Amino acid sequence: MPLSVHFHDQRPQAAGRSLREEVLAGFAERPKTTPPKLFYDRRGSELFEQICRQPEYYPTRTEELILARAAHDIAEIAGQDASLVELGSGASRKVRLLLEAMHPASYLGIDISEDFLRTSTRRLAADYPWLEVHAACADFSRPMSLPDGFAGEHPLAFFPGSSIGNFDPEEAQAFLANLHELLPEGGGLLIGVDLVKDRDVLEAAYNDRAGVTAAFNLNLLERIRRELDSDIEPGTFVHRAFFNPADSRIEMHLVSDRAQDVEIEGERFHFTAGESLHTENSYKYSAEGFRTLASRAGFCALALWTDPQALFSVHYLQR
Ligand code: AVI
């Protein structure tokens, strides 16, 4: 397949801490904690794709349903000259629904995982020959800038999947404020946000019967073993996910099944039996609560779509 994707490497200016630095700093914290972006090596990204297909994991299919129904309204609000900027993977059906309804001249996919980004944007370029496809490898949880050509074209930024939920509310507001700054006047942000709901439904989504979410969580330890100098044994840790109603979030942990010392890059870390490494938070919002957060970041709420069971929401925000 010819390379028909314009690639922009934004890693040097957006460079965050390396895996080694993140892991050593996170294991030294009390309680031990690691940022969720560490899940997404190649294997982690594949496992996440599998999570999205699990029957218990309602967010993906529900957001798709909402977008399928709303795509033409979205295209109308965005206007004819809008370009599309996707924050995260470009492989999903969701962005295709928008591409087909909006027919933008150009698309920019931004992702931290270079392999995944290259594969998914090449696929889009092959499937939509009329589309000018750009790919930017960047960590979009940090300040970044749009490549030349995108800032002036009435971009619609698309941030699906409730990935905003993986930030703490203060970080989420700062992230939204950063996007607000990135977008020109009149630019839009279409964002998927998981809604707070019945605890059983939430907990089942993060404890699927096939064990894919557990494998996704444990892959973090496999990754530490693969990529760093470490004797950590993933088999001595257990996946745990539960809803914390006080903070309105699902928490994911890896719990040590024994007292043990693990070595990483020459440093030793002690786990007591039952001690956990906190690997992820996934915040759940009310539609109103999210609108308040977005308006604090400077956005105007233009439209909101949800599904009949009010499981998930998609907000159209404008700068
Ligand atoms: C990417 N993010 C929105 C997912 C979530 O639901 O918080 C990641 C995930 N973690 C476990 N399952 C899915």
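Residues numbered from 1 in each chain as written. Predicted model: local features only at pLDDT ≥ 70, side-chain atom pairs only at ≥ 80, totals over all residues. Heavy atoms only, no water.

- Under an unreviewed UniProt entry, the name given to the protein is Type 12 methyltransferase, and the source organism is Azotobacter chroococcum NCIMB 8003.

### Considering the sheet that holds strand E11 (residues 276-283)
Working definition: the strands of a sheet are paired by backbone hydrogen bonds and lie parallel or antiparallel to each other.
Moving on, step 1. Read across the open sheet, the 3 strands follow the order E7-E8-E11; overall the sheet is antiparallel. Looking at the sheet topology across the chains shown, the edges are occupied by strand E7 (237-244) and E11. Averaged over all pairs of adjacent strands, the angle between strand axes in this sheet comes to 20 degrees, irrespective of strand direction.
Moving on, step 2. Here 8 bridges tie E7 to strand E8 (residues 249-256), and the two strands are oriented antiparallel to one another. Of the residues in E8, the one forming a bridge with phenylalanine 237 is serine 256. (Pairing = 2+ DSSP bridges. Helix = DSSP H or I, 4+ residues; strand = E, 2+ residues; numbered from the N terminus. Axes fitted to C-alpha atoms, helices over the stretch in contact; angles between N-to-C directions.)

### Section: the site of the ligand
Moving on, step 1. Taken together, the neighbourhood of the ligand is formed by 14 residues, with Tyr57, Asn166, Tyr206, Glu280 and Ser282 sitting nearest.
Moving on, step 2. Within the contact set of the ligand, a nitrogen atom lies 2.8 Å away from a side-chain nitrogen or oxygen of asparagine 166.
Moving on, step 3. Between the ligand and the protein, one listed contact pairs a nitrogen atom with a side-chain N or O atom of glutamate 280 at 2.7 Å.
Moving on, step 4. In the complex, 97% of the free accessible area of the ligand, which totals 340 Å², lies under the protein chains.
Moving on, step 5. The set of elements that each furnish at least two residues to the shell around the ligand consists of helix H3 (42-52), helix H9 (212-227) and E11.
Moving on, step 6. Residues that form the shell around the ligand fall into these classes: 7 nonpolar, 6 polar and 1 charged. (Near = heavy atom within 4 Å. Polar contact = N/O pair within 3.5 Å; in protein donor to acceptor, adjacent residues only side chain to side chain. Areas by Shrake-Rupley, 256 points an atom, 1.4 Å probe, with all protein chains shown as cover. Nonpolar A, V, L, I, M, F, W, Y, C, P; charged D, E, K, R; others polar.)

### Regarding the packing of aromatic side chains
Moving on, step 1. Considering all chains together, one arrives at 13 aromatic pairs under this definition.
Moving on, step 2. When the ring of phenylalanine 39 is compared with that of phenylalanine 216, the centres are 4.5 Å apart and the planes differ by 35 degrees; the resulting orientation is tilted. Remark: phenylalanine 216 occurs in helix H9 and phenylalanine 39 occurs in the loop between helix H2 (19-28) and H3; sequence separation between them is 177 residues. With respect to class, phenylalanine 39 is no different from phenylalanine 216; both count as buried.
Moving on, step 3. We note lysine 32 situated over the ring of phenylalanine 271; from NZ or CZ to the ring centre the distance is 4.6 Å.
Moving on, step 4. In this structure, arginine 118 packs its charged tip against the face of phenylalanine 7, placed 3.7 Å from the ring centre. (Phe/Tyr/Trp six-rings, centres within 6.5 Å; stacked < 30°, edge-to-face > 60°. Buried < 20%, exposed > 50% of the residue type's maximum accessible area, 1.4 Å probe, protein only. Lys NZ or Arg CZ within 6 Å of the ring centre and 35° of its normal.)

### Some points on helix H5 (residues 93-102)
Helical geometry note: an α-helix holds 3.6 residues per turn, so side chains three or four residues apart project in the same direction.
Moving on, step 1. Counting buried positions over the 10 residues of H5 gives 8, a clear majority of the element.
Moving on, step 2. Taken residue by residue, H5 has Lys94, Val95, Arg96, Leu97, Leu98, Leu99, Ala101 and Met102 as its buried positions.
Moving on, step 3. Phi for histidine 103, located one or two positions after H5, is positive at around 50 degrees.

### What about H2?
Moving on, step 1. Taken residue by residue, H2 has Leu19, Glu22, Val23, Leu24, Gly26 and Phe27 as its buried positions.
Moving on, step 2. Lining the buried residues of H2 we find H9, strand E9 (260-264), strand E10 (267-271) and E11. (Contact = heavy atoms within 4.5 Å.)

### Looking at the sheet that holds strand E3 (residues 106-111)
Moving on, step 1. One open sheet holds the 8 strands; their spatial order is E1-E4-E3-E2-E5-E6-E13-E12, and the pairing between them is mixed. Strand pairing shows two members of the sheet lacking a second neighbour, strand E1 (5-9) and strand E12 (300-306), which therefore form its edges. The sheet shows a mean angle of 20 degrees between the axes of neighbouring strands, taken without regard to direction.
Moving on, step 2. Sitting on the sheet, helix H4 (residues 58-78) is in contact with strand E5 (155-159), strand E6 (188-194), E12 and strand E13 (312-318), with an inclination near 30 degrees to E13.
Moving on, step 3. On top of the sheet, helix H6 (residues 114-127) reaches E1, E3 and strand E4 (132-137); it is set at about 175 degrees to E4, its chief contact.

### With respect to the packing of H5 against H6
Each packed pair of helices is defined by two parameters, the angle between the axes and the distance between the axes.
Moving on, step 1. At their nearest, the axes of H5 and H6 sit 12 Å apart, and the two run at 35 degrees to each other. The two elements H5 and H6 cross, and the hand of that crossing is right-handed. Between H5, through Val95, Arg96 and Leu99, and H6, the contact on the second element is made entirely by Arg123, Leu124 and Asp127.
Moving on, step 2. Tallied by class, residues from the contact of H5 with H6 come to 3 nonpolar, no polar and 3 charged. (Left-handed = near helix turned anticlockwise from the far one by under 90°.)

### Re unusual backbone geometry
Moving on, step 1. The omega torsion across arginine 30 and proline 31 is -5 degrees, close enough to zero to call that bond cis.
Moving on, step 2. Relative to the elements of secondary structure, proline 31 occurs in the loop between H2 and H3.

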